[in-house]
Amino acid sequence: MKRLTAILLTLALLSALATGCAEENVTDYAEETDAVGDSSGEETAEEEDDLAGQLMTLLREAGLDVELLEGEARYDALSAALIQVNVGTAAQTVTVYYYADEDAAQAAADCLDESGTVYARESGDGTLFAESASSIGTVRLYRWDNAIVRCEGSNETLLSVLADALGEPFADESESPRETDYETGEWLASLLRLRGYDVEMEGTEQSGSMYLEDSRDVLSLTTGDEVVVLHYADETTAETVSGYFDPNDPSEFDTTGNGDYVAVDYIAPIRLYLWERDIVFYCGRDEAVIAVLDGALGAPFAYNDWTDETVSETATEADVTAQVEELLSQADFQIETTLNGEDNLYRADWVDELTVYPSAEEDDPEGDDAGTDGNLGTVQIFHYADSQRAAEVAGGFDTADPSLFSMETEEDGEAVAMVVDFVAPIRLYLVEDCIVLYCGDSQGVTDTLEVGLGAPFALADE
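Just so we're clear, the structure is a prediction, and the values are computed from it rather than from any experiment. (Residues numbered from 1 in each chain as written. Predicted model: local features only at pLDDT ≥ 70, side-chain atom pairs only at ≥ 80, totals over all residues. Heavy atoms only, no water.)

(A) Representation of the overall build of the chain. Along the chain, the regular secondary structure elements total 12 helices and 25 strands. Looking at the chain as a whole, 50% of its 462 residues qualify as buried. For the chain, restricting intrachain contacts to residue pairs at least 6 apart in sequence, the fraction spanning at least 24 positions comes to 58%. For the chain, the exposed surface amounts to about 21,400 Å²; the carbon and sulfur share of it is 44%. (Helix = DSSP H or I, 4+ residues; strand = E, 2+ residues; numbered from the N terminus. Buried < 20%, exposed > 50% of the residue type's maximum accessible area, 1.4 Å probe, protein only. Contact = heavy atoms within 4.5 Å. Areas by Shrake-Rupley, 256 points an atom, 1.4 Å probe, with all protein chains shown as cover.)

Rendered as structure tokens:
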């Protein structure tokens, strides 16, 4: 399984902590139980008194060729000792991370996930530190007094010595590999929650999506931003699809890999990350969210970094209708627009309506169910005074059945409820100061809207 190295925020802090702490932080293990025995005499006096020295003695007694090297202090440790175990032509390692006391070591252990490959904790100033490091072999982590012991390797003799000396690992990559469909989404959601965000995650199976994924997770933040995790069958497929994006402008996507690019207008800058068999997609400007993603996943393989001057006018709150028109037009749909319509069910200042038709070159597009006059449904854009008012109205919809709408009147505070009988499935999107309603069952239109506007806040598929 591919491992990426990503260190977020405070490397300088770790280096400062590591300097000059080895002597003060080593605990005397001479009086511990027989699980870790006395030195064989081959090590120095300093080795005899610390855990790394005693582990070296046990490994040598088991017939393994070992040498002690300088270790890199990670996991907020004060210092570290690295034991290299030479097995044939392969090197496997045991690293001992030392802490001020047992409580500090346990606190660090609590910040490691079940696979032992991800470390994340919140600093005193509220910033997030997240670390996912590369490894030369399967990772196992053990706790002992004021230390964490990390083993990278699978040699049976090595593992047997560690189990006898330290007990069972508290984290084991071989038992908890990060390979399930939705684990990347769950992992990122936990990091974002640690950073203080409320996150809701929804996993869906995909069929016919423009980005060719098998399934996806949508992580919705209360700030309105979304992080989308696209899942593919394997790492090779994910890497292949990542090459279909223009790295300098990932709004351009080659849908076939043969130069058939489709452009999508987004309402904010976008960043794309490749992580194992997933592609992680973020559309937004929140620096804290970007810091979490960069720290956990590494640098994006494709992104655009808009400034206020370069943002497309069709992607601003002043003209959501133009934005939706552009999205659908670039996806080759034909559009008939009615501006400032009077059919206003949901108390908007005004409403625009787009009737969507298949491409002129596709009389009967595969997967789309055209209506009796050949259209693929209607998109209504309800405009409000500001985004707060739009959000208030959005809260009046039943998210499980948005044909139901209830809201207090401004005159007397009485709740007024109504049921609208739609002729096709509906999906509702909240975009800046507008609510966008799509009534239709075209998968192509749905995919285009979701890519450009994000996931709907309410939908009814039947």
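(B) Local environment of the packing of helix H10 (residues 320-330) against helix H12 (residues 443-453). As a packed pair, H10 and H12 sit with axes 10 Å apart at the nearest point and diverge in direction by 130 degrees. With respect to H12, the axis of H10 lies oblique. Like other packed secondary-structure pairs, H10 and H12 cross with a definite hand, here right-handed. Across from Gln323, Val324, Leu327 and Leu328 in H10, the residues of H12 making contact are Val445, Thr448, Leu449, Gly452 and Leu453. (Axes fitted to C-alpha atoms, helices over the stretch in contact; angles between N-to-C directions. Parallel < 35°, antiparallel > 145°, perpendicular 65-115°, else oblique. Left-handed = near helix turned anticlockwise from the far one by under 90°.)

(C) The arrangement of helix H6 (residues 156-166) in detail. Within H6 the residues assigned to the buried category are Leu158, Leu159, Val161, Leu162, Ala165 and Leu166. The buried side chains of H6 occupy one side of the element, clustering within an arc of 160 degrees when seen end-on. Opposite the buried face of H6, by more than 90 degrees, sit the exposed residues Glu156 and Asp164. Backbone nitrogen of Thr157 and a side-chain oxygen of the N-cap are separated by 3.1 Å at the start of H6; the cap is Asn155. At the exit of H6 stands Gly167, carrying a positive phi of roughly 90 degrees. (Arc of directions from axis to C-beta. Polar contact = N/O pair within 3.5 Å; in protein donor to acceptor, adjacent residues only side chain to side chain.)

(D) Representation of the packing of aromatic side chains. Tallied over the full model, the rule gives nine aromatic pairs. Among the aromatic residues, those joined into a cluster by ring pairs are Tyr211, Tyr244, Phe245, Phe253, Phe281 and Phe301. Sitting above the plane of the Tyr303 ring, Arg271 keeps its charged end 5.3 Å from the centroid. (Phe/Tyr/Trp six-rings, centres within 6.5 Å; stacked < 30°, edge-to-face > 60°. Lys NZ or Arg CZ within 6 Å of the ring centre and 35° of its normal.)

(E) Focus on H12. In terms of residue burial, H12 counts as a mostly covered element, since nine of its 11 residues are buried. Burial in H12 covers these residues: Val445, Thr446, Asp447, Thr448, Leu449, Glu450, Val451, Gly452 and Leu453. Buried residues along H12 sit against strand E11 (215-221), H10, strand E19 (350-357), strand E20 (378-383), strand E23 (426-431) and strand E24 (434-439). Its side-chain oxygen placed 3.4 Å from the backbone nitrogen of Gly444, Ser442 serves as the N-cap of H12. With its phi angle positive at about 95 degrees, Gly454 sits one or two positions after the end of H12.

(F) Layout of the nonpolar core. Tyr211, Val324, Leu328, Val379, Val436 and Leu449 are the most contacted members of the largest nonpolar core, which totals 41 residues. When near neighbours in sequence (up to four residues on either side) are disregarded, Val379 contacts Val324, Leu328, Asp352, Glu353, Leu354, Val356, Val436, Leu437, Tyr438 and Leu449. With 25 residues, the next largest nonpolar core counts Leu51, Tyr98, Trp144 and Val161 among its residues. (Core = buried A, V, L, I, M, F, W, Y, C linked by side-chain atoms within 4.5 Å.)

(G) Seen up close, the confidence of the model for the chain. When pLDDT is averaged along the chain, the result is 75; 73% of the residues meet or exceed 70. In this model residues 1-48 is a low-confidence stretch, pLDDT under 50, and it forms 111 contacts with partners more than four residues away in sequence or in other chains. pLDDT under 50 marks residues 363-368. Its contacts with residues more than four places away, or in other chains, come to seven contacts. (pLDDT = per-residue confidence, 0-100.)

(H) Representation of the pairing of E11. With respect to burial, E11 is a largely interior element, six of its seven residues being buried. Turn length for the E11-strand E12 (residues 226-231) hairpin, with the two strands adjacent in sequence and antiparallel, is four residues, and the turn residue Gly224 shows positive phi of about 100 degrees. (Pairing = 2+ DSSP bridges.)

(I) The packing of helix H4 (residues 51-61) against H6, seen in detail. The geometry of H4 relative to H6 is characterised by a closest axis approach of 10 Å and an angle of 130 degrees between their N-to-C directions. Put simply, H4 runs oblique to H6. As for how H4 packs across H6, the hand of that crossing is right-handed. Counting all contacts with H4, which are made through Leu51, Leu55, Leu58 and Leu59, the residues of H6 involved are Leu158, Val161, Leu162, Ala165 and Leu166.

(J) Broad picture of unusual backbone geometry. Residue Glu276 is not a glycine yet carries a positive backbone phi of 55 degrees. Within the secondary structure, Glu276 is located in the loop between strand E15 (270-275) and strand E16 (278-283). Even without a glycine there, the phi angle at Asp332 is positive, about 75 degrees.

(K) Quick look at the pattern of salt bridges. This structure, assessed with the given rule, holds eight salt bridges. Among the salt bridges present, the one from Glu392 reaches Arg389, with a minimum N-O distance of 3.4 Å. Of the two residues, Glu392 and Arg389 both sit in helix H11 (residues 387-394), three residues apart, roughly one turn of that helix. What you see here is one network of salt bridges that share partners, running through Glu213, Arg216, Arg427 and Glu450. (Salt bridge = Lys/Arg side-chain N within 4 Å of Asp/Glu carboxyl O.)

(L) How the structure looks around the environment of Thr95. Its place among the elements puts Thr95 in strand E4 (residues 90-98). Here the alpha-carbon distance between Thr95 and Leu82, two residues 13 residues apart in the chain, equals 4.4 Å.

(M) Just the side chain of Arg427, in detail. Along the chain, Arg427 turns up in strand E23. A relative accessible area of 12% means that Arg427 is categorised as buried. Within the structure, the side chain of Arg427 is placed 2.5 Å from the side chain of Glu450, a separation counted as a polar contact. Once residues within four sequence positions are removed from consideration, Arg427 is found in contact with Val436, Leu437, Tyr438, Thr446, Glu450, Pro456, Ala458, Leu459 and Asp461.

(N) Focus on the environment of Ala458. Its location among the elements puts Ala458 in strand E25 (residues 458-460). In this structure, the C-alpha to C-alpha distance between Ala458 and Arg427, residues 31 residues apart in sequence, is 6.0 Å. Setting aside chain neighbours within four positions, we find Ala458 in contact with Asp398, Thr399, Pro402, Ile426, Arg427 and Leu428.

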